[in-house]
Amino acid sequence: MCQICRRDFIRGAAAFGTSGLFASPLMAQTQRGDAGASRLPPRGEFTIANAYVMTMDGGLGDIANASVHVRNGEIAAVGKDVGGGGEKIDGAGMIVMPGLVETHWHMWNTIFRSFAGDKPEEGYFPTVARFGQQVSPEDVFQSTRLSAAEAINSGMTFVHSWCHNVRSTAHAEADVRALAEAGIRARHSCGWPQGLPDTQSADQAPLENLARDWKSRSNDGLITLGMAWRGQFRAGPIKPEVYQPEFDNARKLGLPITVHVAAAAHRAVGQIELLYKAKLLGKDIQLVHALAASDAELDMIKESGAAVSVSPGSELRIGYGYPQVSEMLAKGIPLGISVDTSALTGSSNMFGVLKLTRDSENAKAESEFKMTARKALELGTIGGARSMGIDNKVGSLTPGKRADLIAISPNALNMAVVSDPAHLVLEATGPENVDTVVVDGRILKRGGKLTALDTSEIIAGARAALAGVRERTKWR
Ligand SMILES: [Zn+2]
């Protein structure tokens with residue numbers, strides 16, 4: 001888009017933000033932060049019957065004409081001859097599967113959706129660094145709430161909010177509050193402020209403040225806390241006296257750590273080997289991207305027990321190259337798939353990202369058959385859950401696990417016929433096909449409509465937040 005068209009478009013979109021919707025009483029209530037999780041529906045008892053159930057549980061497999069019985073937020077039973085209980089929901093013609101597990105997403109910058117432009121000065125990093133420094137806690141709330149609503153709408157039941165613009169404790173609190181209000185299962189990884197010099201350690205006060213009374217912020221345990229770390233390398237190397245105190249503090253607090261590493265441009269640096277030699281890898285570490293990992297470095301990741309998150313949507317878009325999904329799976333490295341940032345990817349539909357994951361593996365191998373559709377869906381459910389350490393709770397429709405599930409209705413022009421369910425779900429599902437979304441037994445989408453969130457209010461709030469950032473950055 002040309003510079004002028006871009007400006008005009010953004011100005012036009014921003015104008016919507018000052019519409020009457022923004023001034024609604026509901027909006028004012030949300031801004032004060034007293035709406036919270038109290039607007040979420042109760043965890044009821046219900047049975048989805050007569051559905052095609054893809055359990056993603058190795059022992060249970062797919063079950064046609066089956067029921068899923070949910071009680072008190074838990075999967076009570078799954079199978080053909082389940083009597084069930086509570087409200088009966090007709091699942092005839094529907095495909096029921098676990099909700100998608102997203103593993104790294106800068107939800108705070110979704111208000112900059114599709115902002116990364118076509119010239120170096122409009123690229124992702126300068127754009128986010130410039131606008132990020134003008135983001136208020138309320139802007140974080142609006143952006144993360146927009147992301148969480150999009151997540152639920154498109155079938156994600158878990159997200160990893162990778163919050164690397166924590167300018168104050170209030171910024172981190174706003175991110176957590178938006179996740180809690182949406183009712184989604186999540187990890188909030190508390191990071192540093194955009195623009196922080198690489199010579200300076202990140203202020204640990206926000207992380208410590210959150211950790212101190214985390215239970216009261218966790219929305220009944222639905223949200224967990226982690227630390228988003230800059231690592232040993234950003235534009236250039238970071239000194240040990242800068243990065244080590246950050247790492248040590250997270251370990252002292254017993255929090256999982258996540259870090260971007262080894263984008264293709266840094267291939268020569270050997271970042272993973274540096275982390276390994278400095279004893280900064282372990283079961284509590286998630287490495288993001290790791291596209292440039294050598295074979296020896298993949299062995300180091302495997303040996304350490306660290307997990308990896310890859311984001312083919314943003315990695316292909318920004319020119320990082322192909323992710324090493326098959327290579328990592330062959331080593332037995334826990335692997336999850338992620339959205340990364342809507343500033344680069346636009347839509348954050350995880351089904352689309354999972355399809356890109358399969359497609360990029362097939363493209364690399366020059367084979368139609370390198371990765372199966374079912375494997376890609378596994379990465380988006382039980383595999384992603386394993387990589388985040390939550391597979392004992394979610395990721396498959398297994399009795400005793402928490403009830404995080406979705407129902408897809410193929411009764412639409414882009415689906416219509418059900419051939420192979422795994423292929424159809426991976427290749428054709430869009431947000432509009434996700435009929436029902438359940439998180440921890442709460443029905444958050446039903447009949448194609450969000451039950452706990454007001455879409456108009458969220459859109460108006462996001463537009464107003466962007467308009468404010470534009471004003472403060474004098475981008476007219
Ligand atoms: Zn990222």
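Residues numbered from 1 in each chain as written. Predicted model: local features only at pLDDT ≥ 70, side-chain atom pairs only at ≥ 80, totals over all residues. Heavy atoms only, no water.

Re the side chain of D340
Here is step 1: Relative to the helices and strands, D340 is located in the loop between strand 13 (335–337) and helix 13 (342–345).
Here is step 2: At 9.8 Å, R234 is the nearest oppositely charged side chain to D340, a buried residue that forms no salt bridge.
Here is step 3: In terms of polar contacts, D340 uses its side chain to reach the side chain of S314, at 2.7 Å.
Here is step 4: When near neighbours in sequence (up to four residues on either side) are disregarded, D340 contacts E102, H104, W105, H106, H289, S311 and S314. (Helix = DSSP H or I, 4+ residues; strand = E, 2+ residues; numbered from the N terminus. Buried < 20%, exposed > 50% of the residue type's maximum accessible area, 1.4 Å probe, protein only. Lys, Arg positive; Asp, Glu negative; His and termini not counted. Salt bridge = Lys/Arg side-chain N within 4 Å of Asp/Glu carboxyl O. Polar contact = N/O pair within 3.5 Å; in protein donor to acceptor, adjacent residues only side chain to side chain. Contact = heavy atoms within 4.5 Å.)

Let's talk about a nonpolar patch on the surface
Here is step 1: Judged by side-chain polarity, L316, Y322 and L356 come together as a nonpolar surface patch covering roughly 250 Å² of accessible area.
Here is step 2: By the secondary structure assignment, L316 is in helix 11 (residues 312–318).
Here is step 3: Judged by its relative accessible area of 34%, L316 is partly exposed. (Patch = residues over 30% accessible without salt bridge, like charges linked within 9 Å, V, L, I, M, F, W, Y side chains within 5 Å. Areas by Shrake-Rupley, 256 points an atom, 1.4 Å probe, with all protein chains shown as cover.)

Some details on the coordination of the zinc ion
Working reference: metal with six octahedral donors, ideal angles 90 or 180 degrees; metal with four tetrahedral donors, ideal angle 109.5 degrees.
Here is step 1: Listed as protein donors to the zinc ion are H104 (NE2), H106 (NE2), H260 (NE2) and D340 (OD); their distances from the metal cover 2.1 to 2.6 Å.
Here is step 2: Geometry at the zinc ion is irregular, judged from the four donor atoms that bind it and their angles of 83 to 171 degrees at the metal.
Here is step 3: For H106, a relative accessible area of 1% corresponds to the buried category. (Donors = N, O, S within 2.8 Å, 3.2 Å for Na, K, Ca; no water. Tetrahedral: all angles 85-135°; square planar, octahedral: opposite > 155°, others 65-115°.)

Quick notes on the confidence of the model for the protein chain
Here is step 1: Per-residue confidence for the protein chain gives a mean pLDDT of 91, with 91% of residues at or over 70.
Here is step 2: Long-range and interchain partners of residues 1–36, a stretch whose pLDDT sits below 50, account for 57 contacts in this model, where long-range means more than four residues apart. (pLDDT = per-residue confidence, 0-100.)

What about the packing of helix 14 (residues 350–365) against helix 17 (residues 421–428)?
Here is step 1: Relative orientation of the contacting elements helix 14 and helix 17 amounts to 110 degrees, with a least axis distance of 7 Å. As judged from the angle between their axes, helix 14 and helix 17 are roughly perpendicular. Seen from helix 14, the contacting residues are F351, L354, K355 and R358; seen from helix 17, they are H423, V425, L426 and E427.
Here is step 2: Of the residues assigned to the contact of helix 14 with helix 17, the class counts are four nonpolar, one polar and three charged. (Axes fitted to C-alpha atoms, helices over the stretch in contact; angles between N-to-C directions. Parallel < 35°, antiparallel > 145°, perpendicular 65-115°, else oblique. Nonpolar A, V, L, I, M, F, W, Y, C, P; charged D, E, K, R; others polar.)

A look at the environment of P312
Here is step 1: Relative to the assigned elements, P312 resides in helix 11.
Here is step 2: Separated by 254 residues in the primary sequence, P312 and G58 have C-alpha atoms spaced 26 Å apart.
Here is step 3: Dropping the residues within four chain positions of it, P312 is found in contact with R317, P323, I337, V353, L356 and T357.

Topic: the side chain of T144
Here is step 1: Its place among the elements puts T144 in helix 4 (residues 137–153).
Here is step 2: Apart from residues lying up to four places away in sequence, T144 is in contact with M107, W108, S161, D175, A178 and L179.

As for the pairing of strand 7 (residues 156–163)
Here is step 1: Counting buried residues along strand 7, eight of its eight residues qualify, which places the element largely inside the surrounding structure.
Here is step 2: In this sheet, strand 7 lies alongside strand 6 (residues 100–101) in parallel orientation, the contact comprising two bridges. Note that in strand 7 the partner of V101 across the bridge is F158.
Here is step 3: Pairing between strand 7 and strand 8 (residues 185–190): six bridges, direction parallel. Residue pairing for strand 8: F158 is matched across the bridge by R185.
Here is step 4: For the segment spanning strand 7, helix 5 (residues 169–182) and strand 8, crossover handedness is right-handed. (Pairing = 2+ DSSP bridges. Right-handed = clockwise from strand over helix to strand, strands pointing away.)

Topic: the pattern of salt bridges
Side chains carrying opposite charge are able to pair once their charged atoms draw close together.
Here is step 1: In this structure the tally under the stated criterion is 24 salt bridges.
Here is step 2: For D213, the salt bridge is made with R217, and the minimal N-O distance between the two is 3.0 Å.
Here is step 3: Measuring nitrogen to oxygen at the nearest pair gives 3.3 Å for the salt bridge that ties K375 to E378. On the criterion of helical spacing, the pair formed by K375 and E378 is a turn pair, its members being three residues apart in helix 15 (residues 373–379).
Here is step 4: Taking relative accessible area as the criterion, K375 reaches 31% and is therefore assigned partly exposed.
Here is step 5: One salt-bridge network, in which partners are shared between bridges, spans R43, R185, R402, D404 and D440.

Thoughts on helix 18 (residues 455–472)
Because an α-helix packs 3.6 residues into every turn, residues spaced three or four apart end up facing the same way.
Here is step 1: The terminal C-alpha atoms of helix 18, which comprises 18 residues, lie 26 Å apart, in line with the 26 Å expected from a rise of 1.5 Å per residue.
Here is step 2: The opening residue of helix 18, the one whose side-chain oxygen lies 3.1 Å from the backbone nitrogen of S456, is D454.
Here is step 3: Just beyond helix 18, the residue with positive phi is K474, at close to 60 degrees. (Expected span 1.5 Å × (residues − 1).)

What to know about the sheet that holds strand 13
Here is step 1: The eight strands are arranged 6-7-8-9-10-11-12-13 in an open sheet whose pairing can be described as parallel. For this open sheet the edge positions go to strand 6 and strand 13, each flanked by a neighbour on one side alone.
Here is step 2: Judged from the three bridges that link them, strand 11 (residues 285–289) and strand 12 (residues 307–310) form a sheet pairing that is parallel. From the neighbouring strand, V288 faces strand 12, where its bridge partner is S309.
Here is step 3: Set on the sheet, helix 8 (residues 240–252) makes contact with strand 9 (223–229), strand 10 (257–261) and strand 11; between it and strand 9 the angle comes to about 165 degrees.

Focus: the state of the cysteines
Here is step 1: Taken as a whole, this structure holds zero disulfides when the rule is applied.
Here is step 2: There is no disulfide at C163, and the cysteine sulfur nearest it, in C190, is 6.8 Å away. (Disulfide = S-S within 2.5 Å.)

Overview of the packing of aromatic side chains
Here is step 1: Applying the stated criterion to the full structure yields seven aromatic pairs.
Here is step 2: Where F112 meets F131, the ring centres are 5.5 Å apart and the plane angle is 40 degrees; that geometry is what we call tilted. Placement of F112 in the loop between strand 6 and helix 3 (124–132) and of F131 in helix 3 is noted, with a sequence separation of 19 residues between them. Taken as a pair, F112 and F131 share a single burial class, namely buried. (Phe/Tyr/Trp six-rings, centres within 6.5 Å; stacked < 30°, edge-to-face > 60°.)

Details of the packing of helix 4 against helix 5
Here is step 1: Packing of helix 4 against helix 5 leaves a shortest axis separation of 8 Å and a crossing angle of 30 degrees. In terms of orientation, helix 4 lies roughly parallel with respect to helix 5. Of the two elements, helix 4 crosses helix 5, and the hand of that crossing is right-handed. Where helix 4 approaches helix 5, its residues P137, V140, F141, T144, R145, A148 and I152 are matched on the opposing element by A170, H171, A174, D175, R177, A178, L179, E181 and A182.
Here is step 2: Of the residues assigned to the contact of helix 4 with helix 5, the class counts are ten nonpolar, two polar and four charged. (Left-handed = near helix turned anticlockwise from the far one by under 90°.)

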